[in-house]
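Structural overview for review
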Amino acid sequence: MRIAVLTRQIGNYHHARFTALAEASLDFAVVSLANEGNFAGFVSNAATDYEVYRLYDSKAAYTDAVREGRAARDVAMALDAIGADVVALAGWACAESFAGLRWAYDNGASIVMMSDSQAEDATRSSWREAIKRRIISYCDAGFVAGEAHGRYLASLGMDSERITMGYDVVDNAHFATGAQRAREATGKSELRASLGLPARPYFLASGRFIAKKNLPLLIETYAEIAANSGDCPDLCLLGDGEQRDLLEALIQKRVLVEKVHLLGLRPYDDLPAIYGLAEAFIHPALHEQWGLVVSEAGAAGLPLAVSRTAGAAQLVEEGENGILFDPADADDLKRALSQLAQMNPDERTKWGQRSAEIMSNWGPDRYVEGLTRAAELASKQVGTRGRPKAISWLDTVLISRLSRKIIMDVA
């Protein structure tokens, strides 16, 4: 069974997953489209020991190919070269997925829909959900991030018995090993200085500086707690984005220049140490399909305070390794931050150890297991009554039109 995995680009976490597939001796190849991320450092620069077909060297080239109708042809040519028995699609609404779906039907291959969407990610419109259902009806199995994502895919018509989990994982070893090395470093003060970290203990948050990440509320809430607790750890924010000026102004307004630190974007290899030297991790996103930064922090052995709406909330056991809170409720966020601030270092260490234990079941091995099982389930569907014999003429027209639209973020 030969599997073709379609992806927009190979990020660092994609590379960890594909490396695990290769180490498991799975017969697969990757088709990577844009080969450019939304920010510096997203795309992996590591050597690949697996088969890759890179179609375009930038998002601009990818966009041109989609709008001109070349993307469908180029994806089909790559799949011809691969000779796939199973095509794994990364989402329901991008040109490469539509191309992969049509190629699979033309060539008798089965289809796995990979998804990390959950029902709560966005306001749902009936017409978009109807289109999704039509696309999902042509897929043979689903490979999702977690439980909520499986329920959502099932609500769109996928048989729940043909849905596997483990799509959203990170390189646990990268974060665990690097974090422990940082904690055991003999020159911690020098290491902190080299990474631009405060000398004091700090809480950490990470994400793009955009509205849905809810960082202004995090800063406002933190300001209240810090004002009433002289020994409250500092707050470090990893990332960058359109709200940076807003966050800087808020930090100035709340007189937090010495307490809140904007670390910017950092190289992938620096992240484990930054996680490892933190006291706890906070993820206040208003909505989040998964939240891979939560997985990274958990693998690094940190206590977690996570928005209930994040898919990765599944990784939190209340009172054992973390706290869940309503991200739209300032009082609830304050409760979570206060609890972290009041814990002693030994309690935080215990919670962090439990995070690492939980994450041991959510690493690249789970991705290998989930994709392999989904591919097996999908293969059994070809030629059965449960799979349409062909794409209808109406859906062919629909797919052709959608194939030329650029959708960068899909819920």
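Brief notes about the pattern of salt bridges
Across all of its chains, the model carries 24 salt bridges by this definition. Residues R348 and E279 are paired through a salt bridge, measuring 2.9 Å at the closest nitrogen-oxygen approach. With a gap of 69 residues between them, R348 in helix α14 (residues 345-359) and E279 in the loop between α11 (271-276) and β11 (280-283) connect regions that are remote in the sequence. We note that R348, like E279, is buried. Bridged by salt links that share partners, the residues R2, D27 and E51 form one connected network.

Some points on the environment of A173
Along the chain, A173 falls in helix α7 (residues 172-183). Linking A173 and E36, residues 137 residues apart in sequence, is a C-alpha distance of 25 Å.

Re helix α15 (residues 364-381)
With 18 residues, α15 should reach 26 Å at 1.5 Å per residue; the first-to-last C-alpha distance of 26 Å fits that figure. Residues of α15 that are buried include every one of P364, Y367, V368, G370, L371, T372, A374, A375, L377, A378 and Q381, and no others. The positive-phi residue at the C-terminal boundary of α15 is G383, with phi of around 85 degrees.

Remarks on unusual backbone geometry
With phi around 60 degrees, S25 is a residue other than glycine that occupies positive phi space. Here S25 lies in the loop between α1 (12-23) and β2 (28-32). Classification of S25 by relative accessible area gives exposed; the value is 64%. Phi at N35 is positive, roughly 55 degrees, even though this residue is not glycine. Looking at the secondary structure, you find N35 in the loop between β2 and β3 (51-54).

Thoughts on the packing of aromatic side chains
Across all of its chains, the model carries 12 aromatic pairs by this definition. With 5.6 Å between their ring centres and 70 degrees between their planes, F18 and Y50 make a pair best called edge-to-face. Residue F18 is found in helix α1, and its partner Y50 is found in the loop between β2 and β3; the two are separated by 32 residues along the sequence. Across the pair, exposure class does not vary: F18 and Y50 are buried alike. Centre to centre, the rings of Y275 and F281 are 5.8 Å apart; their planes meet at 50 degrees, and the pair counts as tilted. Take Y275: its relative accessible area is 0%, and that puts it in the buried class.

Definitions and limits used
Residues numbered from 1 in each chain as written. Predicted model: local features only at pLDDT ≥ 70, side-chain atom pairs only at ≥ 80, totals over all residues. Heavy atoms only, no water. Salt bridge = Lys/Arg side-chain N within 4 Å of Asp/Glu carboxyl O. Helix = DSSP H or I, 4+ residues; strand = E, 2+ residues; numbered from the N terminus. Buried < 20%, exposed > 50% of the residue type's maximum accessible area, 1.4 Å probe, protein only. Expected span 1.5 Å × (residues − 1). Phe/Tyr/Trp six-rings, centres within 6.5 Å; stacked < 30°, edge-to-face > 60°.

Bear in mind that shape data such as this cannot, by itself, settle questions of function.
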